[in-house]
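Listed below, chain by chain, are the residues.
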Amino acid sequence: MKSVQLHEYGKPVTLVEAEPAPLGDTDVRVAIEAAPLNPSDFLTLSGRYAVRPPLPSPVGGEGVGVVTETGAGVTAVRTGDLVLVLPNPRPGTWQEEIVVPERFVVRADPRAEVTQLATAGINAATAYLLLSYGELREGDWVVQTAANSGLGTFVNALAKLRGVRTLNVVRRADAVVRGGDAVVVSDGTLTEQIAAALAGDRPRLLLDGVSGPVVTELAAVLAPGAHIVSFGALSQQPFTLSTPHLLFKNLTVHGFWLNNWIAAAPREEIERVYADVTALIAEGVLRTEIAAEYALADYARAIEHASAPGRTGKVVFTR
Ligand SMILES: NC(=O)c1ccc[n+]([C@@H]2O[C@H](COP(=O)([O-])OP(=O)(O)OC[C@H]3O[C@@H](n4cnc5c(N)ncnc54)[C@H](OP(=O)(O)O)[C@@H]3O)[C@@H](O)[C@H]2O)c1
């Protein structure tokens with residue numbers, strides 16, 4: 001079984017021929033059809049992520065595949081089901097197959113293309129859950145950073161369904177934002193661009209995956225009582241908030257990590273969220289741009305492509 005493996009944090013991965021993993025009573029074996037290369041995978045490889053499996057370890061945080069075997073105690077899925085493999089403490093979707101506890105698999109809508117389902121486990125669910133903050137009403141504005149990302153595209157589509165408007169912040173003028181109501185660039189004129197785009201309105205929710213100075217700037221334009229949700233730090237910098245903004249505007253700051261939700265949410269809620277998002281993917285309402293598909297054997301090129309700045313869309317391993 002082909003398996004992309006990490007032997008030392010911060011060092012290149014290798015492709016090995018690995019023995020199939022043993023199956024426990026509550027485990028599920030999944031033949032992987034498609035798995036994306038996400039920013040969180042690269043953080044894991046560098047050793048700077050909250051997921052730090054013992055080494056050597058297979059890698060790949062999410063994917064989609066077909067159940068080929070179930071342990072005697074498994075009740076959630078059956079052999080032959082198309083399932084998402086959700087992020088869990090033992091990654092390994094950049095392999096031909098993975099064995100995971102049943103908690104980390106959930107049925108996917110079989111009408112959808114597998115390359116589209118590949119990013120449903122993390123980004124589609126995260127976008128769905130992020131929009132539950134801030135008690136948004138129709139017509140409200142949400143502002144989001146890294147807006148041309150896969151996650152940002154999902155946020156725009158889901159916000160539109162609810163009649164919520166999105167202000168999209170990108171770091172370069174040629175970034176392609178899909179969906180959304182306005183686009184601004186985080187250069188020296190950000191505040192002026194926002195004033196022109198919002199014409200006096202103020203966002204009630206800031207969704208941030210970049211961190212650093214852009215958050216400080218965006219906090220200044222938020223509505224009183226607004227919420228800030230931090231879900232990533234692509235800039236690798238911390239953010240600061242002006243104390244007057246925080247207290248006079250009564251801002252609320254949240255941290256969000258999908259893995260925490262998967263660990264704590266009741267099974268019914270997990271199944272409901274994934275049934276909703278995979279149905280929206282099957283219907284074409286949620287769509288990820290796919291930059292390229294690679295076979296596992298071509299892992300080095302896939303990693304190089306996924307790490308390159310200015311890429312448009314997701315790089316995905318497919319069978
Ligand atoms: N907390 C959670 O549970 C959770 C769940 C899902 C995603 N996330 C996070 O959400 C973010 C987006 O993920 P994704 O999979 O949607 O990404 P993606 O589709 O792979 O796109 C990467 C995005 O990051 C931007 N970017 C990269 N480095 C940057 C920097 N130094 N400053 C500003 N922007 C930068 C890119 O901009 P360019 O196009 O200009 O290169 C692009 O918009 C990541 O931080 C990811 O870890 C968090």
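You'll find the structure just up there.
Just so we're clear, the structure is a prediction, and the values are computed from it rather than from any experiment.

Topic: unusual backbone geometry
Part 1: Between Leu55 and the following residue, Pro56, the backbone shows a cis peptide bond with an omega angle of 0 degrees.
Part 2: Considering the arrangement of structural elements, one finds Pro56 in the loop between helix 1 (39–46) and strand 4 (57–58).
Part 3: A positive phi angle, close to 60 degrees, is found at Gln236, a residue other than glycine.
Part 4: By the element assignment, Gln236 lies in the loop between strand 13 (227–230) and helix 7 (243–248).
Part 5: Among the residues examined, Gln236 registers a relative accessible area of 58% and is labelled exposed.
Part 6: One non-glycine residue with positive phi stands out, namely Asn250, at about 55 degrees.
Part 7: Relative to the helices and strands, Asn250 is located in the loop between helix 7 and strand 14 (252–255).

Structural notes on the site of the ligand
Part 1: Around the ligand sit 23 residues, and of these Asn148, Gly150, Arg172, Leu258 and Lys314 come closest.
Part 2: Contact distances for the ligand include 2.8 Å between an oxygen atom and a backbone N or O atom of Gly150.
Part 3: A distance of 2.9 Å is found between an oxygen atom of the ligand and a side-chain nitrogen or oxygen belonging to Arg311.
Part 4: When the free accessible area of the ligand is taken as 920 Å², the share hidden by the protein chains comes to 87%.
Part 5: At the level of secondary structure, the elements contributing two or more residues to the shell around the ligand comprise helix 3 (120–130) and helix 4 (150–161).
Part 6: The element contributing the most residues to the shell around the ligand is helix 3, with 3 residues.
Part 7: Residues belonging to the shell around the ligand are distributed by class as follows: 10 nonpolar, 9 polar and 4 charged.
Part 8: Of the residues that make up the shell around the ligand, three or more belong to each of domain 1 (2–119 + 267–318) and domain 2 (124–256).

Examining the sheet that holds strand 13
Part 1: The strand order 11-10-9-12-13-14 describes an open sheet built from 6 strands, whose pairing is parallel. A strand with exactly one partner marks an edge of an open sheet, and here the two such strands are strand 11 (182–185) and strand 14. Taken pair by pair, the neighbouring strands of this sheet meet at an average axis angle of 20 degrees, ignoring direction.
Part 2: Sheet analysis places strand 9 (residues 141–144) next to strand 10 (residues 165–170), joined by 4 bridges and oriented parallel. Pairing of Trp141 across the sheet is with Arg165, part of strand 10.

A short note on helix 1
Part 1: Along helix 1, the positions that sit buried rather than exposed are Ser40, Asp41, Thr44 and Leu45. End-on, the buried residues of helix 1 take up no more than an arc of 145 degrees, which puts them together on one face.
Part 2: Elements in contact with the buried residues of helix 1: strand 1 (2–6), strand 3 (27–36) and helix 3.

A look at the sheet that holds strand 2 (residues 14–17)
Backbone hydrogen bonds hold the strands of a sheet together, and the pairing may be parallel or antiparallel.
Part 1: What the 3 strands build is an open sheet, ordered 2-1-4; its pairing is antiparallel. What marks the edges here is a single partner per strand, and that holds for strand 2 and strand 4.

Here is what the cut-offs are and how they apply
Position numbers for residues start from 1 in each chain and track the written sequence from start to end. Per-residue local features of the predicted model are confined to residues with pLDDT of at least 70, and side-chain atom pairs are confined, for both listing and counting, to 80 or more; whole-chain, interface and lining totals are unaffected and use all residues. Side-chain numbers come from the whole structure's heavy atoms, not from hydrogens or water. Comment: elements are numbered from the N terminus, with helices defined as DSSP H or I runs of at least four residues and strands as E runs of at least two. Each residue is assigned to one of three classes by its accessible area relative to the maximum for its type, calculated with a 1.4 Å probe on protein chains only: buried under 20%, partly exposed between the two thresholds, exposed over 50%. Here a residue is considered near a molecule or strand provided that any single heavy atom belonging to it is located within 4 Å of it. In the analysis that follows, any N or O atom pair within 3.5 Å is treated as a polar contact, provided that within protein one partner can donate a hydrogen and the other can accept it, and provided that, for residues neighboring in sequence, both atoms belong to side chains. Note that accessible areas follow from Shrake-Rupley with a 1.4 Å probe, and for residues the cover is restricted to the protein chains shown. Residues are grouped as follows: nonpolar covers Ala, Val, Leu, Ile, Met, Phe, Trp, Tyr, Cys and Pro; charged covers Asp, Glu, Lys and Arg; every other residue, Gly included, is treated as polar. Start and end positions for the domains come from either an automated domain assignment or a database one. By the convention used here, strands pair only if DSSP detects at least 2 bridges between them. For helices, the fitted axis covers only the stretch in contact; all axes are lines through C-alpha atoms, and the angles between them, taken along N-to-C directions, range from 0 to 180 degrees. By arc we mean the arc of the directions from the helix axis to the C-beta atoms, nothing more. Whether two residues are in contact is decided by their heavy atoms, any of which lying within 4.5 Å being enough.

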